[in-house]
There are 2 protein chains.
Amino acid sequence: MAAEIATTELINELQNICGKANVFFDEESLNHYGHDETEKLLYPPNVVVKPTSAQEISSILKYCNEHLIPVTPRGAGTGLSGGAIPQNGGVVISTEKLNKILEIDERNLQVITEPGVITEVLQNTVKDKGLFYPPDPASRGSCFIGGNIAENSGGPKAVKYGVVKDYVLNLEVVLPTGEIIWTGANVLKNSTGYNLTQLMVGSEGTLGIVTKIVLKLIPLPKYDLLMLAPFASLEKASEAVSAIFRAGFTPSALELVEIDALKIVSQMVDTYVVPVNENIAAHLLIEVDGNDVNVLMNEMEAIAELLQQYDVGEVLFADDAQQKAELWKLRRAVAEAVKPAGYTIEEDTVVPRAELPALIKGVKDLGKQYNFHAVCYGHAGDGNLHIRIKKEGIPNSYGNEEMNTILRALFKLVKSLGGTISGEHGIGLIQKDFMDIVFDEANLNIMRAIKKAFDPNNILNAGKIFDL
Amino acid sequence: MAAEIATTELINELQNICGKANVFFDEESLNHYGHDETEKLLYPPNVVVKPTSAQEISSILKYCNEHLIPVTPRGAGTGLSGGAIPQNGGVVISTEKLNKILEIDERNLQVITEPGVITEVLQNTVKDKGLFYPPDPASRGSCFIGGNIAENSGGPKAVKYGVVKDYVLNLEVVLPTGEIIWTGANVLKNSTGYNLTQLMVGSEGTLGIVTKIVLKLIPLPKYDLLMLAPFASLEKASEAVSAIFRAGFTPSALELVEIDALKIVSQMVDTYVVPVNENIAAHLLIEVDGNDVNVLMNEMEAIAELLQQYDVGEVLFADDAQQKAELWKLRRAVAEAVKPAGYTIEEDTVVPRAELPALIKGVKDLGKQYNFHAVCYGHAGDGNLHIRIKKEGIPNSYGNEEMNTILRALFKLVKSLGGTISGEHGIGLIQKDFMDIVFDEANLNIMRAIKKAFDPNNILNAGKIFDL
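Here the structure is a predicted model, which means the values were calculated and not measured.

### Some thoughts on the pairing of strand β5 (residues 101-105) of chain A
All names here are of chain A.
- In the sheet, β5 pairs with strand β6 (residues 110-113) via four bridges, with the strands oriented antiparallel. Among the inter-strand pairings, Ile-104 is bridged to a residue of β6, identified as Val-111.
- Taking the residues between adjacent antiparallel strands as the criterion, β5 and β6 are bridged by four residues, where Leu-109 takes a positive phi near 55°.

Below is the structure:
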């Protein structure tokens, strides 16, 4: 498709709409916007445009819709499923110049923002007002809030506070045909028509381009406490996870990191806090938060006591803000650290929490059967396990037959445990071939019909999630 | 449309599918299933069927889809927007025989249920296991969980715990064409394809009939405390509402009841606890819950202290379980009590919480302008205000030109305050004519296209939410 695009004409039109300074077609730009953080994939587009308003995006989409030119929306390019990769060429619309926080509504505990704001910047800005926006993907220091909407991102806090979808009240969206709509209203409850807001969240930029976002905020909890619990067995660690919830606790984070991942990351990050020795197979990182520090200390003690039943080692209670920051830095650096060590293929499986031990055992068994090495880590409290796979000579799963066989076996296991393919990364390009494992054809056909209802010419992020 | 239906043939077919004992066409049945709790509307269907499985519903829908026969799904018939009213005649499918709780998964804190289970029965059943399903509409003692899904119901606990959509993980749905799908997976996080689960919640039975429901549960809080706070002015009471949240509190309920409503209900319900005197304009009912009773007592005191700034009267702290139950009984009985007193038209407006005072003032002004009397009550913490309207000689808003003029003015006010038409009741039949106030045509067209994608022949609950 890309080869047939009359690029010169397209560039002229985009320059007319957005100004020459916002249109890019040099090789460096095309290469930069031709990849995201997904494996080692590169598909340069024909042109990159950086609009500064919803109106400009509307004009671009109207033109591309009329001329059947593929359009790929892009946030910060930190995605892990290829959602921002322009594999059909055409136009990349980067939202990086829509980067303003428009209003913090302290009366109603809401924020209105453009999509190109870095998630952590948004979090810190509302934190200064005593407010809290919890969803915090590992990439929060570089990802955009708009991309978080597209993928329905999660992060460690999701276990207590929910994911992105739980905070989005209303969205301004440019439809693929160029019309601009608001999906809902800036209210906490809404039973007025179909929930287009929720349909848009997690639709991976295939149904429209989000240009304004209204988020619910909550009061910032005053205190949090953090502990690191080592286990001699990965299975025991994962069994402890569901026991914590069954006992009535709701931690504000409950993360698992396998020792192989921690070994790699602790070589990269200067640290002294985490014990790495041959008797440890995995750690749980457990946080509680709230407004009464004594209540939290009692909770931490009770959880530590409960962990004794699962052969926990010596529990480390983080002493101060610095130690907490260091532990979190380690946790957040895992994916980035293991990638250059050859673990280029990241999966985002999710199962009912109590099935984690079975999933972890199954992954290890598959590794033996198919001769790959995997490290497991992630948001254990949600049953959301990231599995980073290293297989000699195979850097990408996308388009690789051998890896596809392995992933098919993995996802069938996940399905058999009541789980699904993606908890927070999205399907994008690299997982769409596995959708048949978790959805019937009737279900996929309904999704395709929804896509056609929004995007009759299939111009917007076509070929993501499923093929039409 | 109804007049053209070959009823005898239809009845035979339904008897073949579901058995003679589950098909009803006597006058009493048709009248019973021809209304719900919405105003005083009555539209008897041609036939009522009570299937006992998703497979039977699939067969019914296949037949009706082929023969273009209108189908109206129905839960317990407690709806307030006419969602279950068969205004086109045809078939009513009652879910009352799909009434089993299928599994309580204590390992994963989930419940799998059929749609015809009474919400309170479901709540009490999981409560026996120490688990909590929070959404609790006023009608919870008689409404079905399936109807709650259809309308995305809320209730008092929504202010802390969210509404139905926040608990639905996965749904088995029979599509209007008869295909049976699962919308998602039984997991806490899911970024796998479009969020059909969330699209289905609140779609008011227009996109499919839900036959199995997987709900997330949470640990049951150990304690709750309740206070009743009287105010001399309705505006002051509603100003206090947003002040409570701005001060960092998150009550588990924050209800407002105007004195006119309370006068009526306290005559009907045997009570001594609520002061009704000429110095009181409204009450706030404020609940906090959690696992540490001392923390809760401190919170209650701090909230009561804060209320002093809003000219609160003498605050009543509920002494024991009986007094709490009595206060809640009063609150829950309001809608039922004021209806026979002539307040037959109930609105379900929702605005950003801090706009409540402006909404209440605006409602009273409209009452003077258009000569109607209104009582206000509802979930003030969510900005969700129920407005019961009494206008001599006009029992229904639906089809009444004078009431339509009034409601149009009311909803324009709501829209101007950043709000929308329905917070938890749905649009159904009686509010669809006002959708243009809150949605652009482009937005409504997308909703219509989604409806067509699911229901190409427009047989399922046609004419609800919008006309095609």
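This is not the end of the story, as more comes after the structure.
### Points about the pairing of strand β17 (residues 373-379) of chain B
- Of all seven residues in β17 of chain B, six are buried; the element is thus mostly enclosed.
- If you look at the hairpin formed by β17 of chain B and strand β18 (residues 384-390) of chain B, you'll find four residues sitting between the two strands, and Gly-383 of chain B has a positive phi there, around 70°.

### Quick look at the packing of aromatic side chains
Residue and element names in this part refer to chain A.
- Counted by the stated rule, this structure contains nine aromatic pairs over all chains.
- Ring geometry for Tyr-43 against Tyr-398: centres 6.5 Å apart, planes inclined by 75°, an arrangement best described as edge-to-face. Here Tyr-43 is found in the loop between α2 (27-32) and β2 (47-49), whereas its partner Tyr-398 is found in the loop between β18 (384-390) and α13 (401-416), with 355 residues between them in sequence.
- Considering the side-chain rings of Tyr-133 and Tyr-167, the 5.9 Å spacing of their centres and the 80° angle between planes classify their relative orientation as edge-to-face. Here Tyr-133, found in the loop between β7 (131-132) and α5 (145-151), pairs with Tyr-167, found in the loop between α6 (158-161) and β8 (168-174); they are 34 residues apart in sequence, far enough to count as distant.
- Assessed through its relative accessible area of 0%, Tyr-133 is described here as buried.

### Brief notes about the relation of the copies chain B and chain A
- Superposition record for chain B on chain A: RMSD 0.0 Å, screw rotation 180°, translation along axis 0.0 Å. Overall, the copies show the geometry of a two-fold rotation axis.
- A shared binding surface is used by both copies, with 100% of the interface residues of chain B retained as interface residues in chain A.

### So, the sheet that holds β2 of chain A
Residue and element names in this part refer to chain A.
- With mixed pairing, the four strands of this open sheet are ordered in space as β1-β2-β4-β3. Of all the strands in the sheet, the pair left with one neighbour each is β1 (23-24) and β3 (71-74).
- Pairing of β1 with β2 involves two bridges; the strand directions are antiparallel. Residue Val-23 lies in a different strand from β2, and its bridge partner there is Val-49.
- Sitting on the sheet, helix α1 (residues 7-18) touches β1, β2 and β4 (91-94), and the angle it makes with β2 is about 10°.

### Comments concerning α1 of chain A
All names here are of chain A.
- For α1, built from 12 residues, the straight-helix expectation of 16 Å at 1.5 Å per residue is met to within 8% by its first-to-last C-alpha distance of 16 Å.
- Buried within α1 we find Leu-10, Ile-11, Leu-14, Gln-15, Ile-17 and Cys-18. Angularly, the buried residues of α1 cover 160° about the axis, an arc narrow enough to put them on a single face. Across α1 from its buried face, at more than 90 degrees, point the exposed residues Thr-8 and Asn-16.
- Just past α1, the residue Gly-19 takes up positive phi, approximately 90°.

### Topic: the pattern of salt bridges
- The tally for this structure, following the rule as stated, stands at 46 salt bridges over all chains.
- Linking Lys-189 of chain B and Asp-382 of chain A is a salt bridge whose minimum nitrogen-to-oxygen distance equals 3.8 Å. Of this pair, Lys-189 of chain B sits in the loop between β9 (180-182) and α7 (196-200) while Asp-382 of chain A sits in the loop between β17 (373-379) and β18, on two different chains.
- Salt bridges linked by common partners bring Lys-189 of chain A together with Asp-382 and Glu-424 of chain B together as one network.

### Overview of the interface of chain B and chain A
- With 81 residues of chain B in contact, the opposing surface of chain A contributes 81 residues.
- Across the interface of chain B and chain A, roughly 6000 Å² is buried in total on both sides, 60% from carbon and sulfur atoms.
- For chain B, the biggest contributors to the area lost against chain A are Lys-189, Ser-191 and Tyr-194 of chain B; these three give 17% of the whole.
- Here chain B is connected to chain A by six salt bridges.
- Here chain B and chain A share 30 residue pairs in polar contact (both at pLDDT 80 or more) between them.
- Of all the secondary-structure elements, those providing two or more residues to the side of chain B that touches chain A are β9, α7, α8 (234-246), α14 (435-438) and α15 (441-454) of chain B.
- It is α15 of chain B that contributes the most residues to the side of chain B that touches chain A, nine residues altogether.

### Points about the domain arrangement of chain A
All names here are of chain A.
- Partitioning chain A into domains gives domain 1 (2-97), domain 2 (101-219), domain 3 (223-336) and domain 4 (342-442).
- The interface of domain 1 with domain 2 comprises 17 residues on the first partner and 19 residues on the second.
- Interface area, domain 1 with domain 2, both sides summed: about 1400 Å², of which 68% is carbon and sulfur.
- In this structure, the connection of domain 1 to domain 2 is made through one residue pair in polar contact (both at pLDDT 80 or more).
- Of the residues forming the side of domain 1 that touches domain 2, the biggest block, seven residues, is contributed by helix α3 (residues 54-66).
- Residue classes in the side of domain 1 that touches domain 2 are distributed as six nonpolar, eight polar and three charged.

### As for helix α11 (residues 321-338) of chain B
- For α11 of chain B, built from 18 residues, the straight-helix expectation of 26 Å at 1.5 Å per residue is met to within 8% by its first-to-last C-alpha distance of 26 Å.
- Its axis deflected by about 35° at Arg-332 of chain B, α11 of chain B carries its strongest bend there.

### Some words on the nonpolar core
- Counting 191 residues, the largest nonpolar core has Leu-215, Leu-307, Ile-450 and Phe-454 of chain A together with Leu-307, Ile-450 and Phe-454 of chain B as its most contacted members.
- Sorting elements by how many residues they give to this core places α13 of chain A first, with eight residues.
- Beyond its immediate stretch of four places on either side in the chain, Leu-307 of chain B contacts Met-227, Ala-229, Phe-231, Ala-240, Ile-244, Ile-286 and Val-312 of chain B.

### Some details on the confidence of the model for chain A
- Here chain A averages 95 in pLDDT, while 98% of its residues score no lower than 70.
- Prediction confidence for the complex, expressed as pTM and ipTM, is 0.97 and 0.96 respectively.

### What about the packing of helix α9 (residues 259-268) of chain B against α11 of chain B?
Residue and element names in this part refer to chain B.
- Two elements in contact, α9 and α11, have axes whose closest approach is 9 Å; the angle formed by their N-to-C orientations is 95°. Considering the angle they form, α9 stands roughly perpendicular to α11. Taken together, the residues of α11 that come into contact with α9 (itself represented by Ala-261, Ile-264, Val-265, Ser-266 and Met-268) are Leu-330, Ala-333, Val-334, Ala-337 and Val-338.
- When grouped by side-chain class, the residues that make up the contact of α9 with α11 number nine nonpolar, one polar and no charged.

### Some details on the sheet that holds strand β2 (residues 47-49) of chain B
All names here are of chain B.
- Overall, mixed pairing links the four strands, which are arranged β1-β2-β4-β3 in an open sheet. At either margin of the open sheet sits one strand with a lone partner, and together these are β1 (23-24) and β3 (71-74).
- Seen against the sheet, helix α1 (residues 7-18) touches β1, β2 and β4 (91-94) and runs at an angle of roughly 10° to β2.
- In the packing of helix α3 (residues 54-67) onto the sheet, the strands contacted are β2, β3 and β4, and the crossing angle to β4 comes to about 165°.

### Quick word on the environment of Gln-267 of chain B
Residues and elements named next belong to chain B.
- Structurally, Gln-267 can be placed in helix α9.
- With relative accessibility at 69%, the residue Gln-267 sits in the exposed group.
- C-alpha of Gln-267 to C-alpha of Ala-337: the two residues are 70 residues apart in sequence and 9.0 Å apart in space.

### Regarding the side chain of Lys-50 of chain B
All names here are of chain B.
- Structurally, Lys-50 can be placed in the loop between β2 and α3.
- Here Lys-50 falls in the buried class, since its relative accessible area comes to 10%.
- There is a polar contact of 3.1 Å between the side chain of Lys-50 and the side chain of Tyr-33.
- A polar contact of 3.3 Å, which involves the side chain of Lys-50, links it to the side chain of Glu-96.
- Those residues in contact with Lys-50 that sit more than four places away from it in its chain are Asn-22, Phe-24, Tyr-33, Ser-94, Glu-96 and Lys-97.

So, how was this worked out
- Residues numbered from 1 in each chain as written.
- Chains lettered and ligands numbered in written order.
- Predicted model: local features only at pLDDT ≥ 70, side-chain atom pairs only at ≥ 80, totals over all residues.
- Heavy atoms only, no water.
- Pairing = 2+ DSSP bridges.
- Helix = DSSP H or I, 4+ residues; strand = E, 2+ residues; numbered from the N terminus.
- Buried < 20%, exposed > 50% of the residue type's maximum accessible area, 1.4 Å probe, protein only.
- Phe/Tyr/Trp six-rings, centres within 6.5 Å; stacked < 30°, edge-to-face > 60°.
- Least-squares fit on C-alpha atoms with pLDDT ≥ 70 in both.
- Contact = heavy atoms within 4.5 Å.
- Axes fitted to C-alpha atoms, helices over the stretch in contact; angles between N-to-C directions.
- Expected span 1.5 Å × (residues − 1).
- Arc of directions from axis to C-beta.
- Salt bridge = Lys/Arg side-chain N within 4 Å of Asp/Glu carboxyl O.
- Buried area = accessible area lost by both parts, 1.4 Å probe.
- Polar contact = N/O pair within 3.5 Å; in protein donor to acceptor, adjacent residues only side chain to side chain.
- Domains from an automatic or database assignment.
- Nonpolar A, V, L, I, M, F, W, Y, C, P; charged D, E, K, R; others polar.
- Bend = angle between axes of the 7 residues up to and from the residue.
- Core = buried A, V, L, I, M, F, W, Y, C linked by side-chain atoms within 4.5 Å.
- pLDDT = per-residue confidence, 0-100.
- Parallel < 35°, antiparallel > 145°, perpendicular 65-115°, else oblique.

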